[in-house]
Amino acid sequence: VFTSSRISSFNRHMKTHSTEKPHMCHLCLKAFRTVTLLRNHINTHTGTRPYKCGDCVMAFVTSGELVRHRRYKHTHEKPFKCSICKYASVEASKLKRHTRSHTGERPFQCSLCSYASKDTYKLKRHMRTHSGEKPYECHVCHTRFTQSGTMKIHVLQKHSKNVPKYQCPHCATIIARKSDLRVHLLNLHTYKATEMKCRYCTAVFHERYALVQHQKTHKNEKRFKCEYCSYACKQERHMTVHIRTHTGEKPFTCVSCNKCFRQKQLLNVHFRKYHDADFIPTVYQCPKCSKSFSRWVLCE
DNA sequence: ATGCCCATCGCCCTCTGCTGGGATTAC
DNA sequence: AGTAATCCCAGCAGAGGGCGATGGGCAT
């Protein structure tokens, strides 16, 4: 509903509803509703941009565009101030958009899912997740991407010579992506209120990195000692198998002949050798005497 | 009716950071 | 060999910058 105290404004407004386009471009025959629109169009043919910026090469069709450009690029004057935070903008529409980050208002609803965005561009970008459209292509390997930024990172990490690296400030780790460094810091260098115990001794830690480093000091210890003999080993599973030589336990039974084994691996070898018709044993042949062996040995 | 100017709409862009899945490495 | 930890990577959303185009108030 349009109202105006001036008849001239009313008449001009009514023309916006008309499909009549009486003003034609003499260069390309395209028609326009008003002389102003025609003039602006002709300017695109002639390259006429009368409002030139004094500080850079940019030039504009209208004075308003020049003022706005100068605010963005040179004077940094931002007349529209947010009442909640420090944000200020050159244009009112930007402040309006910004305000939605305080109010949480999401006026642009996706028609295919529950997502709603705060501005039209994000909704448009989101719709690519439904359409599968990938408008950005890597010029080197031709992989396609939904967003230009993702492609940019890809080119930087995959096809650039000077790939940036991020050094962890707390340890020697070097990580390719800034966001991954954040994950590293969170997982390994964040103080945890609950104590983390060493798997091998009574030491406790509040930072995972310190715990992991400490546990490495146990690496070469033969921590597992047999209670029946002098045997010691690094891994618990080796000790489990060794203990069976004392107890006589043979938990792995062959399903075909009921023969029992201490180790699963021994059962597997037995089964393949005696019960698997398709099994072809590996044969190692001596290059000097042509004698065959079931494993690699030096022929005397 | 038209020119000037400002407000507004709309589009596209970049930078930023989080997430989760697959690959790789360490144990 | 199996599993847990870690790394690498693309997908995706949040926030904000910049500019072209159009509409309408006001003066001429």
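All residue numbers refer to position in the chain's written sequence, counted from 1. Numbering of ligands from 1 and lettering of chains from A proceed in the order in which they are written. At least 70 in pLDDT is required for a residue's local features to be given in this predicted model, at least 80 for side-chain atom pairs to be given and counted, and no such filter applies to totals for whole chains, interfaces and linings, which use all residues. Note that water and hydrogens are dropped before the side-chain values are worked out from all heavy atoms of the structure.

Participant: Outline the overall build of chain A, listing residues and values.
Facilitator: Secondary structure elements follow DSSP: runs of H or I of four or more residues count as helices, runs of E of two or more count as strands, with numbering from the N terminus. Of regular secondary structure, chain A possesses ten helices and 20 strands. The classification of residues rests on relative accessible area computed with a 1.4 Å probe and restricted to protein chains. Under 20% of the type maximum is buried, over 50% is exposed, and intermediate values are partly exposed. Taken across its 300 residues, chain A has 19% of its residues classed as buried. By definition in these notes, contact holds between two residues if any of their heavy atoms fall within 4.5 Å. Of the contacts made within chain A by residues no fewer than 6 positions apart, 1% connect residues no fewer than 24 positions apart. For chain A, the exposed surface amounts to about 23,200 Å²; the carbon and sulfur share of it is 54%. Per-residue and other accessible areas follow the Shrake-Rupley method at a 1.4 Å probe size, with only the shown protein chains counted as cover for residues.

Participant: Just give me the short version of the confidence of the model for chain A, but keep the residues and values in it.
Facilitator: The pLDDT averaged across chain A works out to 74; a share of 58% of its residues lies at or above 70. For every residue, the predictor reports its confidence as pLDDT, a number between 0 and 100. Within chain A, strand 19 (residues 284-285) has the poorest average pLDDT of any element, 44, and strand 6 (residues 88-89) the best, 93. Ignoring residues within four places in sequence, the model shows residues 279-286, a span with pLDDT below 50, making 18 contacts including any to other chains.

Participant: Account for unusual backbone geometry, with residues named and values stated.
Facilitator: Positive phi is not limited to glycine here, since His76 has a value of about 55°. One non-glycine residue, His142, lies in the positive phi region at around 65°. Overall, His142 belongs to the partly exposed group, its relative accessible area being 49%.

Participant: Describe helix 6 (residues 148-159), naming the residues involved and giving the relevant values.
Facilitator: Since one α-helical turn is 3.6 residues long, residues separated by three or four positions face the same way. Across its twelve residues, helix 6 extends 16 Å between first and last C-alpha, which sits within 8% of the 16 Å expected from 1.5 Å per residue. Looking at helix 6, one finds that the buried residues are Met151, His154, Val155 and Gln157. Those residues of helix 6 hidden inside the fold are in contact with strand 9 (136-137) and strand 10 (144-145). Expected helix span is computed as 1.5 Å times (number of residues minus one).

Participant: Requested: an account of the environment of Ser63, with residues and values cited.
Facilitator: Take Ser63: it is sitting in helix 3 (residues 63-75). C-alpha separation for the pair Ser63 and Tyr51, spaced twelve residues apart in sequence, amounts to 5.9 Å.

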